[in-house]
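Structural features, examined
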Amino acid sequence: MNLRELVSALNDFASPALAESWDNVGLLVEPSPPHTVNTLFLTNDLTEEVMEEAVQKKADLILSYHPPIFTPLKRVTWKTWKERLVVRALENRIGIYSPHTAYDAIPHGVNNWLTKGLGACTSAPLHPSTAPSSPAEGTHRVEFCADAEHLDAVLSKIKDIPEISCLTTLPARVEGEEQTRVSLNCSQKALLEVVALLSQNNLLYHKTEILLLQKPLLPHTGMGRLCTLSEPVSLSDIIERIKGHLQLPHVRVAVGAGRTLESPVKKAALCAGSGSSVLKGTEADLYLTGEMSHHDVLDAVANGISVILCEHSNTERGFLSELRDALAVHLQNKINIIVSEKDRDPLQVA
């Protein structure tokens, strides 16, 4: 497949618009076009060892779940390992694409895969995603009616306010008088200026309607998952299930205050990777994630919530095999898709 055609298909599989605002997703490194992709190489982390593997396996595009370019690069030299990744990619005509939190949000993504380690359960996003393009602009809609005497002056001043969009005017008949109905979208900041302007004229202000533009929630899409198990299971059994699902000999466990390893788990909140900010404040019997800060673990335990930590990328990497199969179907088996054998979590128990 042509690289741009493939990137478009990957974006259809999981829209980059679903990624968190702080994230760096999409096509990060592009060889000079035209560029044909015969082999797509999947990895959780793009290290130098993994890059060498991709070169040896003649990959044309690396899909790295974590973006290897996150903070801006001021130069591309041989000095740092992330700069060397870019050099090696371009030297060998290998593109780099990263989905990261877009794959966290989608219903068929990383967090959904992680829920399978709990056993039979139902799940819902902890922080649901909203439709990224509805409405297109603004947080509020303001509508008001004005007569010919005031219309031009008001519109002139409104057009000088930044962050105004979708400004429209339509003829209207109000209480038997010919007027003009004005509608506009604006940001929260611009709303204050619009209201201040309209409030200077009591007649305009009393005819003003302000609507909050709320984007519709996307079903089964968003960050984290709150899982309700079909049957309560002891914490010790859940630990064994998680270890089996992630193929780990060990996990770290903090038992909630007033709980034991035999206490039942009915509700579990989870987040792949680093879950503190996503899980915080959620009522559950268990938090499952890769890593949390020491103090966030203490807070959870004090609230009677047990915590299972599996190390950051251990809660993500196993998804790659499932992703390979899903992408093969999505891409109609047009390209060869392989999973890295060198990719691993940097931490181990010594």
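Here, the structure is the one placed above.
Scoring rules and cut-offs
Residues numbered from 1 in each chain as written. Predicted model: local features only at pLDDT ≥ 70, side-chain atom pairs only at ≥ 80, totals over all residues. Heavy atoms only, no water. Pairing = 2+ DSSP bridges. Helix = DSSP H or I, 4+ residues; strand = E, 2+ residues; numbered from the N terminus. Axes fitted to C-alpha atoms, helices over the stretch in contact; angles between N-to-C directions. Disulfide = S-S within 2.5 Å. Salt bridge = Lys/Arg side-chain N within 4 Å of Asp/Glu carboxyl O. Buried < 20%, exposed > 50% of the residue type's maximum accessible area, 1.4 Å probe, protein only.

**Some details on the sheet that holds strand S9 (residues 177-186)**
Strand order in the open sheet formed by four strands is S8-S9-S7-S10, with antiparallel pairing between adjacent strands. In the strand order of this sheet, the two ends are held by strand S8 (164-174) and strand S10 (209-212), each with one partner. The mean angle between the axes of side-by-side strands here comes to 15°, regardless of whether they run parallel or antiparallel.

**Regarding the state of the cysteines**
This structure, assessed with the given rule, holds zero disulfides. Of the cysteine sulfurs around Cys121, a residue in no disulfide, the closest is that of Cys227, at 4.4 Å. Cys166 carries a free sulfur, and the closest cysteine sulfur to it, the one in Cys186, is 11 Å from it.

**Digging into the pattern of salt bridges**
Here the idea is simple: oppositely charged side chains can pair when their charged atoms come close. Applying the stated rule across the entire model yields 17 salt bridges. When the shortest N-O distance is used, the salt bridge between Lys57 and Glu53 registers 3.0 Å. Exposure remark for Lys57: the relative accessible area of 30% places this residue in the partly exposed category. The closest approach of N and O atoms between Glu209 and Arg181, which form a salt bridge, is 3.6 Å. Of this pair, Glu209 sits in strand S10 while Arg181 sits in strand S9, and the two are 28 residues apart along the sequence. Judged by its relative accessible area of 25%, Arg181 is partly exposed.

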